[in-house]
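This is what each chain is made of:
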Protein chains: 6
Amino acid sequence: MLPKDADFQPVSGMKTPRFAALPTFMRLPHVNVDSADADKLDIGIAGVPFDSGTSNRPGPRHGPRQLRDLSTMIRTTHPRTGMNPFALVNCADLGDAPVNPMDIMESLDLITGFYDQIHERRIVPLTAGGDHLISFPVLRALGKEKPVGMVHFDAHTDMNDVYFGGSKYTHGTPFRRAIEQGYLDPRRTIQIGIRGIKYDASDFDWALEQGVRIVEIEELFERGVVDVMTEAREIVGSDETYVSFDIDSIDPSFAPGTGTPEIGGFTTFQAQQMVRALDGLNIIGGDLVEVSPPFDPTGGTAWVGVSIMFEILCVLARARDARS
Amino acid sequence: MLPKDADFQPVSGMKTPRFAALPTFMRLPHVNVDSADADKLDIGIAGVPFDSGTSNRPGPRHGPRQLRDLSTMIRTTHPRTGMNPFALVNCADLGDAPVNPMDIMESLDLITGFYDQIHERRIVPLTAGGDHLISFPVLRALGKEKPVGMVHFDAHTDMNDVYFGGSKYTHGTPFRRAIEQGYLDPRRTIQIGIRGIKYDASDFDWALEQGVRIVEIEELFERGVVDVMTEAREIVGSDETYVSFDIDSIDPSFAPGTGTPEIGGFTTFQAQQMVRALDGLNIIGGDLVEVSPPFDPTGGTAWVGVSIMFEILCVLARARDARS
Amino acid sequence: MLPKDADFQPVSGMKTPRFAALPTFMRLPHVNVDSADADKLDIGIAGVPFDSGTSNRPGPRHGPRQLRDLSTMIRTTHPRTGMNPFALVNCADLGDAPVNPMDIMESLDLITGFYDQIHERRIVPLTAGGDHLISFPVLRALGKEKPVGMVHFDAHTDMNDVYFGGSKYTHGTPFRRAIEQGYLDPRRTIQIGIRGIKYDASDFDWALEQGVRIVEIEELFERGVVDVMTEAREIVGSDETYVSFDIDSIDPSFAPGTGTPEIGGFTTFQAQQMVRALDGLNIIGGDLVEVSPPFDPTGGTAWVGVSIMFEILCVLARARDARS
Amino acid sequence: MLPKDADFQPVSGMKTPRFAALPTFMRLPHVNVDSADADKLDIGIAGVPFDSGTSNRPGPRHGPRQLRDLSTMIRTTHPRTGMNPFALVNCADLGDAPVNPMDIMESLDLITGFYDQIHERRIVPLTAGGDHLISFPVLRALGKEKPVGMVHFDAHTDMNDVYFGGSKYTHGTPFRRAIEQGYLDPRRTIQIGIRGIKYDASDFDWALEQGVRIVEIEELFERGVVDVMTEAREIVGSDETYVSFDIDSIDPSFAPGTGTPEIGGFTTFQAQQMVRALDGLNIIGGDLVEVSPPFDPTGGTAWVGVSIMFEILCVLARARDARS
Amino acid sequence: MLPKDADFQPVSGMKTPRFAALPTFMRLPHVNVDSADADKLDIGIAGVPFDSGTSNRPGPRHGPRQLRDLSTMIRTTHPRTGMNPFALVNCADLGDAPVNPMDIMESLDLITGFYDQIHERRIVPLTAGGDHLISFPVLRALGKEKPVGMVHFDAHTDMNDVYFGGSKYTHGTPFRRAIEQGYLDPRRTIQIGIRGIKYDASDFDWALEQGVRIVEIEELFERGVVDVMTEAREIVGSDETYVSFDIDSIDPSFAPGTGTPEIGGFTTFQAQQMVRALDGLNIIGGDLVEVSPPFDPTGGTAWVGVSIMFEILCVLARARDARS
Amino acid sequence: MLPKDADFQPVSGMKTPRFAALPTFMRLPHVNVDSADADKLDIGIAGVPFDSGTSNRPGPRHGPRQLRDLSTMIRTTHPRTGMNPFALVNCADLGDAPVNPMDIMESLDLITGFYDQIHERRIVPLTAGGDHLISFPVLRALGKEKPVGMVHFDAHTDMNDVYFGGSKYTHGTPFRRAIEQGYLDPRRTIQIGIRGIKYDASDFDWALEQGVRIVEIEELFERGVVDVMTEAREIVGSDETYVSFDIDSIDPSFAPGTGTPEIGGFTTFQAQQMVRALDGLNIIGGDLVEVSPPFDPTGGTAWVGVSIMFEILCVLARARDARS
């Protein structure tokens, strides 16, 4: 496959060693969203270095930098499909969204503003978090006109109401807020990999009432990933769909660097199969969140993270290409 | 489910962040075994910070502290059964057993004394080790009147005779001693997950002669956990049974922080299923041993450990409740 | 020296090994500030697990727990003076102040409320942070009636005005706010160890205008600690004085686990000499802040921190005893 | 089983603790290849501390030392077969091959020379790398008379042509060179576990053209290890066969300490089953490569490595014994 | 001081948090040396990610990336002089020099070519290594017309002749080669901080014969840094002088992340004083080498490194400004 | 200086890279104490992998192995004196003393027996611990005929009486036992670097009563190392003297990997000067103890340890040579 546009190709690891050069996402050129070059882009990879919504162990604010660092080990050609996403669509690193670590509400506005710009230029965003709260402002930009569907991989529903006696915007609440405010369609939302000891049943109860489909880990293991993903495809259908991938959905033996690990999760191989099964859906954006470098001395979690980001990228590239 | 007794409830992570406050086991109140409050207890969680029985790499003496630390991330409601053990029975942190790291025999007496007190007050003990030798003094207290049965998860039989030309009390010998001295009933004992290159066949031979059932890892993987646990339930029957869980039974990719890792073990998901399968048995105590913080830079092993301790706690709570 | 009150003595490491038992500050009993026992206390050691004021690398929210853990290695008798502070005054661990990691302003109120209680009971507080913003609510409680003086060890002035276009309450601004609001007397404030590349000169300029004395690291090294501390004693005089010790004042080779390290700092030996030189002053409280466990794999920084806390405790004990 | 020769037995961990004594491979005696004792050897374990062929993250030059260190935890008796390889054949640690880290071509000659000596004395070599380039000089010695077959476990084919515009001898090219130069028979070569995002398809295309059988990870998981290993046995047949085991074939959750990890790999249990399935083949040497200590803070990867080396050793011992 | 050119200013940490945005050196814009913007530059900061000259523990190839990462914590204004180098001269990140990790001689040519370009455009280079061999190709570019003088901070002379029986270009030989080939003037070269157990005296003997001044650590500590730096200034005089700073010159307690540590070194404070004492000399380039991330789990060594780089930058800025 | 005996020379790092070959102490040949070669030895370096006397954090049992590993970076020629100890006397690695980690008293006998053998062959021992209790059995062998003097570098006196209500042989008691039993002459004993918060004054009082000279850290810093070492030389005089170096005497910023760190210690440079000042004394043995690898992720502490061991070795070589 020939590269689509020579200006938007990754630096080759066969020429420039992978430890060399500035660490942009997947060694792509850095393009400002308000520059002329941005108009040529199909997909933009951006960081949202924000974790002020974290209830226990912060760290994901450092995620985008470490994900960029490890992403320099990503090559170009998908091992199963042979697809080279960079040959199909123009991709770039859009840099990081603006944030204020001292102010959650201001940050949500800043992030939404950044994604409004991306969305207005019809660039499909692939985001590296940040804690899971950052999915809320992204959805607020992408679901503005009409609520989107979502395939959500996570150990937790993130459908809680409030923390600490009133905090409504935390990394445990984004999807409740997104449903309440009409950016996310609960009946076109499926959550996969949910597990772990609970505070109580209230987050499940609320989500189920809204029509969300929750696939707990035991169901996933019993039915297998193929069967569950067939159902996921039916649930989201052909309308616009978002993919949100919390690294803590994967078992912590594969991805220890995260703030709220839950044992008994699925493998990276299963993660790969599940993301690949999204191929052909009308995916309009995705994120990979909750990678926390301070809790991952080897960087292995970020490597898992960018490997999954590449899988999402391939799905996004096919969807973007299909729409053009 | 309403809490049984407001005085014995964990601090809520929705009110007090999980990183705050003193790290007692599962954020329970600390109760001295010789205090008046102890009479109200059904289950006591205690530490035995002792590893002088370790033949190679010490460290589990630091286990109880790190397990307490990580246990502050445990919530209250079981994800499968919806059971809240703290609503069913009164639980507390009993502190640590007394030990003398310089003197194995004195320590075994001190620990037995501590568990005698617990046992006399009819508190069901859940223990955080320490190396595996600490199961011996616990069994000496619990099995005093009559030998107990045991479901034992481990990579090793811990049925060796002597080390270093004569040492009879090491972390490789506790169950041989417990059988010899009549605290453990070998015909009601099953060992699950055994594997690893051996010194020789003598530990196996002796155990099998006594009537112990050894399920090696290959058999476990071939038959599956459901089938093996059905057999385990039959072996221990309805009499009093102890649960001993060596963290090294789980594959070291999930739990690297232990002194004698063996590759090719079972997953945390399988561990969860197996402990859950003990529900309804007449369990009168349990332990989780061999978590070694110096060999686990991320604390992930202790997190696996306390997650398994919560599973054991739920089984203990049901058994304790059934007996009351 | 005989213990003052047998109920408020640390557990001895000669009896209970240091790795055993619950990790309270310096192995003291835990006493709730609203319990009857609190009335017997002279000094209370408390944690403030809060770092939402951190502009770059969070982590000090985990400080109190790790400081408690390492503090179990603290013994009782000062190596120079032979003083045993626990024989002079009644001390206890007061637990942690309430906080809400999602809400800076609410947290400042919660912390102030906690210290109001301590202050009202005439307990002298020794605080383990948390980031440096936590000194502000402590000063708001202690300096309510009258602004206090301060001896402040730090690499940074923490006298900035705002961050990120408006954030007034961050770990770089506490003392500017405390001076503006009348809790801290700038003419009785000395800052020692200041260094590091600056944003600009505005924090220095403002502080100097208020009358603060800034001793930069070069001046400290040229004059020596004895001379500088003589000046410090003159500046604060005999009125009420607070001690604030930012662990980043010490060179990062001794204390790497902190968010904003600056090379070229003073040694732990110099730190010890400087705190000891506060003996006899009218010290009414102290803190040790910015210990960040996620950036300190060995725990060595927390060990430095609690070693300095013991030095501050001895100074507080003498001052408290002198006032009684 | 009685030991074959008392002079070539491992030090027992029941007598000398595993942390004591010089760390030779599996606690065997150290024998120089040019000494008289070497004539008594059947199998020699050697290190090749070389990683100058590494394209990205060096480190495996430190592999042999860490593998020796961890190998002191290896015992003697195979858990499945009950075989004690040290009772069957005489084994020793041959030390390390000579290398020059500054000069790839000179090193390849030095290593070949070392293995020529081993081969001439009819000692079967088991090698601890080193990066994967070191398999080339070993094959150059063993396949000198006639190309050997190979069972190759890896995430990568290592069949690339050149790197960085001309470098022909790197850790991504050894088997292409070995086939081109007639040391390796491509039609008797099978590669198992291949996966990961590719540069392009050229390494696959070339290998397939030569007749190499590539089993990608998806095929392995679908068919299962028994079926694939049956095919592997057919492919290599009864002629001389080499086993090359790249630690990165195993999933990085089990073996993070390696330079080019690829997610979605097989487990250590599967690795054990696959190596055991080589029993009875005419194996004439083996290696375990790409263990990189600087990227493995816990040493867990080296522990996996030596555990696999023991499995290979048992297969080699049976093959060596069968030939004698 | 007003910024010289708004296009070449660092991103402010008061606006964009330090953990956000792409990690260029000191948050400067990235400028290609062959772009039009390069003509506006006074100083260029570049990485040379090369360590194939390392005789023992590789790692510095990862140095430039980690130095860039940590450099985002550098602010703008010198704490002693109040100087803002970015207000005086135009600075940028020039990216990394091209290298081939498989080929030392080719890499030396590639690096020289890169620095030829920089030099031809009259940009003053500040380099982040890489092992110390990389100083050789830099000097080959800068000293082409006339040998330069050098102030060299190091634990080792790096004046060895050959390693491993013939290797002439290693990280222990660069300055011998530079003197032999006429790029470095030995009579205008001073080496400061030399210490450590030696192979033999040959490197010292050769250097002293050429007229190099060697200040061993004991002399430095006895005379003090002021006195030694006065001599250093006399030795290099007013001619063109290079500054080479090996991080291992600093004591390993401050900078553990390096391949050849030697105990008993100078402090970071002394390092700062010594580099500041170069102010006013005719410095035409500088480097900071041997930072090895795999041996520095906390990143503290890179932080020391970039802090020293800022000191060198200020000296370079003054020298560059003086020449313009 | 020509090597004394070609059979007892270290492997050169100029020929065999330092990461290669078996890690014996300083790359010396391994010689069994009961072999014929042992008769040719002047100095033997041995490990005592024992830490069962540790009251808090075990680990030094792993010390000898890590010290051997790092010692492969030691070269041959002293930087100050130009002395090559291997050219003066015959040195070898004697392996490790036998120990039983389960049995303190048996281990003390085993270790004494090992040192009896060494002493009988007139080999001067240089020992790598192990915790500090191991100095007791060494002194029991060396001081059998007549109590020896001692220069002791430590943060602690190790003159306590009992721990945990009766344990007399711990790492806090060796020198009290050695004095009581007549192996150590208290009037010829000086302890340097003592500091840290105390249990009480009893260890000091007892030692001072026996005539031991204690130089606390403040005195050392005030008088300087030259003055204190002059006194040390006077105290021990010309009779037989032992050197015991506890790594925790050095400040923990230089040597964090130890079980009982005390802040405010001396530097490695000062340590070097002090050991060098022992030159010419009648030193008959030495040890370096309390290096604890599990608490030192970088290995830097072991590097400090072996660097000090080389200094002691030079002093021993001169003393041994003077006696021959």
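Computed from a predicted structure; not experimentally measured. (Residues numbered from 1 in each chain as written. Chains lettered and ligands numbered in written order. Predicted model: local features only at pLDDT ≥ 70, side-chain atom pairs only at ≥ 80, totals over all residues. Heavy atoms only, no water.)

Structural notes on the overall build of chain A
- The helix and strand tally for chain A stands at 10 helices and 8 strands.
- Its C-alpha atoms give chain A a radius of gyration of 18 Å, near enough to 20 Å, the size a compact globule of 324 residues would have.
- Burial status across chain A gives 72% buried among its 324 residues.
- Looking at chain A alone, contacts between residues at least 24 apart form 77% of all its contacts between residues at least 6 apart.
- In the form shown here, chain A has an accessible surface area of approximately 9,200 Å², with 49% of it arising from carbon and sulfur atoms.
- For chain A, the separation between the mean place of its 30 positive charges and that of its 45 negative charges on side chains is 6 Å. (Helix = DSSP H or I, 4+ residues; strand = E, 2+ residues; numbered from the N terminus. Rg over C-alpha atoms; globule rule 2.2 N^0.38 Å. Buried < 20%, exposed > 50% of the residue type's maximum accessible area, 1.4 Å probe, protein only. Contact = heavy atoms within 4.5 Å. Areas by Shrake-Rupley, 256 points an atom, 1.4 Å probe, with all protein chains shown as cover. Lys, Arg positive; Asp, Glu negative; His and termini not counted. Charge placed at Lys NZ, Arg CZ, Asp CG, Glu CD.)

Concerning the pairing of strand β1 (residues 43–48) of chain D
All names here are of chain D.
- For β1, the tally of buried residues reaches 6 of 6 residues, placing the bulk of the element in the interior.
- In β1, alternate side chains face the same way, and those of I43, I45 and G47 on one face and G44, A46 and V48 on the other are all buried.
- Bridge count for β1 against strand β3 (residues 124–129) is 6 bridges, and the pairing is parallel. Its bridge partner lying in β3, G47 is registered against A128.
- Pairing of β1 with strand β2 (residues 91–96), which is carried by 4 bridges, proceeds in the parallel orientation. Across the sheet, G47 pairs through a bridge with D96, a residue of β2. (Pairing = 2+ DSSP bridges.)

Things to note about the sheet that holds strand β4 (residues 148–153) of chain B
Residues and elements named next belong to chain B.
- Read across the sheet, 8 strands follow the order β2-β1-β3-β8-β7-β4-β5-β6 without closing on themselves; strand pairing throughout is parallel. Of all the strands in the sheet, just β2 (91–96) and β6 (213–216) have a single pairing partner and so form its edges. Taken over all neighbouring pairs, the strand axes of this sheet differ in orientation by 15 degrees on average, direction set aside.
- Pairing of β4 with strand β7 (residues 241–246), which is carried by 5 bridges, proceeds in the parallel orientation. Paired with F153 across the strands is F245, a residue of β7.
- The strands touched by helix α10 (residues 300–323) are β1 (43–48), β2, β3 (124–129), β7 and β8 (283–289); relative to β8, the strand with the most contacts, the crossing angle is about 170 degrees. (Axes fitted to C-alpha atoms, helices over the stretch in contact; angles between N-to-C directions.)

So, the sheet that holds strand β4 (residues 148–153) of chain F
All names here are of chain F.
- Pairing in this open sheet of 8 strands is parallel, and the strands run β2-β1-β3-β8-β7-β4-β5-β6 from one edge to the other. Where the open sheet ends on each side, the last strands, each with one partner, are β2 (91–96) and β6 (213–216). When the angles between neighbouring strand axes are averaged without regard to direction, this sheet yields 15 degrees.
- Pairing of strand β7 (residues 241–246) with strand β8 (residues 283–289), which is carried by 6 bridges, proceeds in the parallel orientation. What sits directly across from Y242, in β8, is G285.
- On the sheet, helix α10 (residues 300–323) packs against β1 (43–48), β2, β3 (124–129), β7 and β8 and is oriented at approximately 170 degrees with respect to β8.

Considering the relation of the copies chain A and chain D
- With an RMSD of 0.0 Å, the operation that places chain A on chain D is a rotation of 120 degrees combined with a shift of 0.0 Å along the axis. In short, the pair behaves as if placed about a three-fold rotation axis. Looking at the rotation axis and the C-alpha trace of chain A, the residue lying nearest is S253 of chain A, at 3.3 Å.
- Little of the interface of chain A is mirrored in chain D, where only 4% of its interface residues again form contacts. (Least-squares fit on C-alpha atoms with pLDDT ≥ 70 in both.)

A closer look at the UniProt feature "binding site: Mn(2+)" (unreviewed entry) in chain A
Residues and elements named next belong to chain A.
- In this structure's numbering, the residues bearing the UniProt feature "binding site: Mn(2+)" (unreviewed entry) are H132, D154, H156, D158, D246 and D248. Judged by maximum C-alpha separation, these annotated positions cover 117 residues in sequence but sit close together in space, the widest gap being only 12.0 Å.
- Checked against the element boundaries, H132 lands in the loop between β3 (124–129) and α4 (135–142).
- Relative to the elements of secondary structure, D248 occurs in the loop between β7 (241–246) and α9 (268–276).
- Contacts of D248, omitting those with residues within four sequence positions, involve D154, A155, H156, R195, T258 and T260. (UniProt positions renumbered as here; feature names shortened; annotations may be inferred.)

Some details on the relation of the copies chain E and chain F
- For the pair chain E and chain F, the relating rotation is 120 degrees, the translation along its axis is 0.0 Å, and the fit reaches an RMSD of 0.0 Å.
- The residues that chain E uses at the interface reappear at the interface of chain F in only 4% of cases, marking distinct surfaces.

Observations regarding the interface of chain A and chain D
- Residue-level contacts link 27 residues of chain A with 28 residues of chain D.
- A buried area of about 2,500 Å², summed over both sides, lies between chain A and chain D, and 63% of it is on carbon and sulfur atoms.
- Summed over the three residues of chain A that lose the most area to chain D, namely M14, R75 and F269 of chain A, the buried surface amounts to 31% of that side.
- On inspection of chain A and its partner chain D, the count reaches 4 salt bridges.
- On inspection of chain A and its partner chain D, the count reaches 12 residue pairs in polar contact (both at pLDDT 80 or more).
- Of all the secondary-structure elements, those providing two or more residues to the side of chain A that touches chain D are α9 and α10 (300–323) of chain A. (Buried area = accessible area lost by both parts, 1.4 Å probe. Salt bridge = Lys/Arg side-chain N within 4 Å of Asp/Glu carboxyl O. Polar contact = N/O pair within 3.5 Å; in protein donor to acceptor, adjacent residues only side chain to side chain.)

Some remarks on unusual backbone geometry
Residues and elements named next belong to chain B.
- Omega for the bond connecting G129 with G130 falls within 30 degrees of zero, at 15 degrees, which places this linkage in the cis form.
- For G130, the location among the structural elements is in the loop between β3 and α4 (135–142).
- Backbone geometry at R27 places phi at a positive 60 degrees, although glycine is not the residue there.
- On the basis of relative accessibility, which here comes to 4%, the residue R27 falls in the buried class.

Structural notes on the interface of chain E and chain F
- Across the contact, 28 residues belong to chain E and 27 residues belong to chain F.
- Contact between chain E and chain F buries roughly 2,500 Å² in total, counting both sides, with carbon and sulfur atoms accounting for 63%.
- Of all residues in chain E, I197, Y199 and I263 of chain E bury the most surface against chain F, accounting for 33% of the area lost on that side.
- Run the count over chain E and chain F and you get 4 salt bridges.
- Residue E218 of chain E pairs with R80 of chain F through a salt bridge whose shortest N-O separation is 3.2 Å.
- For the pair chain E and chain F, the number of links is 12 residue pairs in polar contact (both at pLDDT 80 or more).
- Residue contributions to the side of chain E that touches chain F peak at 3 residues, all from helix α7 (residues 217–223) of chain E.

Some details on the packing of helix α3 (residues 104–120) of chain A against α4 of chain A
All names here are of chain A.
- Between α3 and α4, the shortest axis-to-axis distance is 8 Å and the interhelical angle comes to 40 degrees. When the axis of α3 is compared with that of α4, the two are oblique. The chirality of how α3 crosses α4 is right-handed. For the pair formed by α3 and α4, the contact residues are L108, D109, I111, T112, Y115, D116 and H119 on the first element and F136, P137, V138, R140, A141 and L142 on the second.
- Its residues assigned to classes, the contact of α3 with α4 shows 8 nonpolar, 2 polar and 3 charged. (Parallel < 35°, antiparallel > 145°, perpendicular 65-115°, else oblique. Left-handed = near helix turned anticlockwise from the far one by under 90°. Nonpolar A, V, L, I, M, F, W, Y, C, P; charged D, E, K, R; others polar.)

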